Amino acid sequence: LVNFSQVALSGDVSCFIEPEPMYWAFDMSETVRLGDFKGIRVGDTWEIFNLIDDPGERANLAAVCPEIIWQMGAIMDRYCPDPKVCTLRFPKLCF
């Protein structure tokens with residue numbers, strides 16, 4: 001996984017752009033990757049994981065990260081108002 005904050009701190013910002021969130025949906029589940037975090041929403045149930053600190057996705061942070069839920073919910077609603085008919089959306093990367 002690319003840690004974009006480390007890229008920015010390394011000083012090599014000649015081609016650095018803030019990554020767009022990654023969004024995908026399957027069945028009734030929606031997922032967003034936003035920075036170091038991955039959020040999964042099924043109905044009103046959320047799971048939030050810090051993929052850098054917890055790559056095995058064992059510690060659900062949903063109860064302690066309401067601001068991330070709000071941000072990811074807005075992204076999900078913007079990308080796909082109806083998750084039953086969504087397509088994949090991936091970030092634009094600069095190489």
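Residues numbered from 1 in each chain as written. Predicted model: local features only at pLDDT ≥ 70, side-chain atom pairs only at ≥ 80, totals over all residues. Heavy atoms only, no water.

Digging into the nonpolar core
Phase 1 of the analysis: Judged by nonpolar contacts, the single largest core of 14 residues is most densely connected at Tyr23, Val32, Trp46, Ile48 and Met72.
Phase 2 of the analysis: Mapped by element, the contributors of at least two residues to this core are strand E1 (22–26), strand E4 (45–50) and helix H2 (66–79).
Phase 3 of the analysis: In contact with Trp46, other than residues within four places in its own chain, are Ile40, Arg41, Asn60, Ala62, Ile69, Met72, Gly73 and Met76. (Core = buried A, V, L, I, M, F, W, Y, C linked by side-chain atoms within 4.5 Å. Buried < 20%, exposed > 50% of the residue type's maximum accessible area, 1.4 Å probe, protein only. Helix = DSSP H or I, 4+ residues; strand = E, 2+ residues; numbered from the N terminus. Contact = heavy atoms within 4.5 Å.)

So, the packing of aromatic side chains
Phase 1 of the analysis: Under the counting rule described, the total for this entry stands at one aromatic pair.
Phase 2 of the analysis: Over the face of the ring belonging to Tyr79 we find Arg78, whose NZ or CZ atom lies 4.9 Å from the ring centre. (Phe/Tyr/Trp six-rings, centres within 6.5 Å; stacked < 30°, edge-to-face > 60°. Lys NZ or Arg CZ within 6 Å of the ring centre and 35° of its normal.)

Section: the sheet that holds strand E3 (residues 37–42)
Phase 1 of the analysis: Pairing is antiparallel in the open sheet, where four strands are placed in the order E1-E2-E3-E4. Looking at strand neighbours, the two that pair on one side only are E1 and E4, the edges of this open sheet. Taken over all neighbouring pairs, the strand axes of this sheet differ in orientation by 15° on average, direction set aside.
Phase 2 of the analysis: In this sheet, E4 lies alongside E3 in antiparallel orientation, the contact comprising six bridges. Residue pairing for E4: Lys38 is matched across the bridge by Phe49. (Pairing = 2+ DSSP bridges. Axes fitted to C-alpha atoms, helices over the stretch in contact; angles between N-to-C directions.)

Digging into H2
Phase 1 of the analysis: Over its 14 residues, H2 extends 20 Å from the first C-alpha to the last, a length consistent with the 20 Å expected when each residue adds 1.5 Å.
Phase 2 of the analysis: Looking at the buried residues of H2, the elements they touch are E1, strand E2 (29–34), E3 and E4. (Expected span 1.5 Å × (residues − 1).)

A short note on the pairing of E1
Phase 1 of the analysis: The two faces of E1 differ: Tyr23 and Ala25 on one face are buried, but Met22, Trp24 and Phe26 on the other face are not.
Phase 2 of the analysis: Taken together, the five bridges between E1 and E2 define a ladder with antiparallel strand orientation. Bridge pairing links Tyr23 to Val32 in E2.
Phase 3 of the analysis: Two successive antiparallel strands, E1 and E2, enclose a turn made up of two residues, where Asp27 displays a positive phi of approximately 55°.

Topic: unusual backbone geometry
Phase 1 of the analysis: Phi at Glu57 takes a positive value of approximately 55°, unusual for a residue other than glycine.
Phase 2 of the analysis: On the secondary structure map, Glu57 appears in the loop between E4 and H2.
Phase 3 of the analysis: The class of Glu57 is partly exposed, set by a relative accessible area of 28%.

Some details on the side chain of Thr31
Phase 1 of the analysis: Take Thr31: it is sitting in strand E2.
Phase 2 of the analysis: Every residue in contact with Thr31, bar those within four places of it in the chain, is listed here: Met22, Tyr23, Trp24, Lys38, Gly39, Ile40 and Met76.

Quick look at the confidence of the model for the protein chain
A low pLDDT means the predicted coordinates there should not be read in detail.
Phase 1 of the analysis: For the protein chain, the mean per-residue pLDDT works out to 76, and 65% of the residues sit at or above 70.
Phase 2 of the analysis: Mean pLDDT across the elements of the protein chain ranges from a minimum in helix H1 (residues 4–9), with 47, to a maximum in E4, with 96.
Phase 3 of the analysis: A low-confidence stretch, residues 1–18 (pLDDT under 50), is modelled with 17 contacts involving residues beyond four sequence positions or located in other chains. (pLDDT = per-residue confidence, 0-100.)

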